[in-house]
Amino acid sequence: MSENAHTPDLTIAHLILIDTNMMHDGKEVTTKSLAFDSIDTAGMIIWIPYLYEIEEGIINSCPKCEKKDIEQV
């Protein structure tokens, strides 16, 4: 991680799960959601927590997704 990162020591659960508010039976409830991207490359699946993506700028865009968006326009 970079020298400027201010992430405290976190458990794996804190890195890959986030609280998400949603409606259930007309009431707002908080549930856990996945908080990471996965990359399937070279026979491996790599999980990258959103926290590190944001702090480190690891993933800026997806060329395949950008091409798909351009084709739809």
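Residues numbered from 1 in each chain as written. Predicted model: local features only at pLDDT ≥ 70, side-chain atom pairs only at ≥ 80, totals over all residues. Heavy atoms only, no water.

A. Broad picture of the pairing of strand S3 (residues 36–41). Relative to strand S4 (residues 44–49), S3 runs antiparallel, the two being bridged by six bridges. Its bridge partner being in S4, Asp40 is matched across the sheet by Ile45. Between S3 and S4, which pair antiparallel in sequence order, lie two residues; one of them, Ala42, sits at a positive phi of approximately 50°. (Pairing = 2+ DSSP bridges. Helix = DSSP H or I, 4+ residues; strand = E, 2+ residues; numbered from the N terminus.)

B. Inspection of the side chain of Glu53 at higher detail. Following the sequence through the fold, Glu53 ends up in helix H2 (residues 50–56). Assessed through its relative accessible area of 11%, Glu53 is described here as buried. Contacts of Glu53, omitting those with residues within four sequence positions, involve Asp37, Ile48, Ile58 and Ile59. (Buried < 20%, exposed > 50% of the residue type's maximum accessible area, 1.4 Å probe, protein only. Contact = heavy atoms within 4.5 Å.)

C. Quick peek at the pattern of salt bridges. A full pass over the atoms with the stated rule returns one salt bridge. Two residues, Asp19 and Lys32, come together in a salt bridge whose shortest N-O distance is 2.6 Å. Of this pair, Asp19 sits in strand S1 (residues 17–24) while Lys32 sits in strand S2 (residues 27–34); the two residues are 13 residues apart in sequence, bridging distant segments of the chain. Judged by relative accessible area, which is 52%, Asp19 ranks as exposed. (Salt bridge = Lys/Arg side-chain N within 4 Å of Asp/Glu carboxyl O.)

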